[in-house]
Amino acid sequence: MIIANFVTNTPNDLNSNHVLHSIMVKNKQIFNLKRGVDFRENNLRKNFNNWLHLVSDKIRNKTFFDGDLIILIEGVNLFVEQNHGWENDLKFWLPRELPPRVKIILTIEEGSHNISYLQKIGCRFLQIESRDQTRLEILD
């Protein structure tokens, strides 16, 4: 199961809270979770890890589903703090360890201050080169 969130084409999604809320709502729908999604900023950030564990447990208990949840979040270096306008710190919402059966793929540009945090928690990196022309073709 893949849940993708692309931020470069949807300016409203440049806020980590909006993205977390969107992912949690999609998980709730896909896995038929009864738990409500709290809109408050601190609770979204705190509960994201709990939601991932809830989904992991749900996947392990399903006899008809033999896959993983893969969350793809594009452009995390574009997430900005609402009050200040600077890049959001991933350490405030991205779990250090993921539960079984849950994977997260992030795209981030070189030069982001979050790269050192991702290295510190043991994330693997895949270098991808892109050209502006390729981006324009994809947008078209």
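Residues numbered from 1 in each chain as written. Predicted model: local features only at pLDDT ≥ 70, side-chain atom pairs only at ≥ 80, totals over all residues. Heavy atoms only, no water.

Draft legend 1. Just unusual backbone geometry, in detail. The residue Asn32 is not glycine, and still its phi comes out positive at about 50 degrees. Mapped onto the fold, Asn32 is located in the loop between helix 1 (16–30) and helix 2 (41–61). (Helix = DSSP H or I, 4+ residues; strand = E, 2+ residues; numbered from the N terminus.)

Draft legend 2. Spatial organisation of the pattern of salt bridges. In this structure the tally under the stated criterion is three salt bridges. The salt bridge involving Arg60 is made with Asp57; its shortest N-O contact spans 2.5 Å. Taken as a pair, Arg60 and Asp57 lie in helix 2 at a separation of three residues, close to a single helical turn. Taking the relative accessible area as the measure of exposure, Arg60 reaches 46% and is therefore partly exposed. Two residues, Lys103 and Asp68, come together in a salt bridge whose shortest N-O distance is 3.7 Å. Here Lys103, found in strand 3 (residues 102–106), pairs with Asp68, found in the loop between helix 2 and strand 2 (69–74); they are 35 residues apart in sequence, far enough to count as distant. Residue classification places Lys103 among the partly exposed positions, given a relative accessible area of 40%. Look at Asp68 and you get partly exposed, because its relative accessible area is 26%. It is possible to trace a salt-bridge network through shared partners that takes in Asp68, Arg101 and Lys103. (Salt bridge = Lys/Arg side-chain N within 4 Å of Asp/Glu carboxyl O. Buried < 20%, exposed > 50% of the residue type's maximum accessible area, 1.4 Å probe, protein only.)

Draft legend 3. Quick look at the packing of helix 1 against helix 2. The N-to-C vectors of helix 1 and helix 2 enclose an angle of 35 degrees; their axes lie 10 Å apart at closest approach. Handedness of the helix 1/helix 2 crossing: left-handed. Taken together, the residues of helix 2 that come into contact with helix 1 (itself represented by Ser16, Asn17, Leu20, His21, Ile23, Met24, Asn27 and Lys28) are Glu41, Leu44, Arg45, Asn47, Phe48, Trp51 and Val55. Looking at the contact of helix 1 with helix 2 residue by residue, the classes come out as seven nonpolar, five polar and three charged. (Axes fitted to C-alpha atoms, helices over the stretch in contact; angles between N-to-C directions. Left-handed = near helix turned anticlockwise from the far one by under 90°. Contact = heavy atoms within 4.5 Å. Nonpolar A, V, L, I, M, F, W, Y, C, P; charged D, E, K, R; others polar.)

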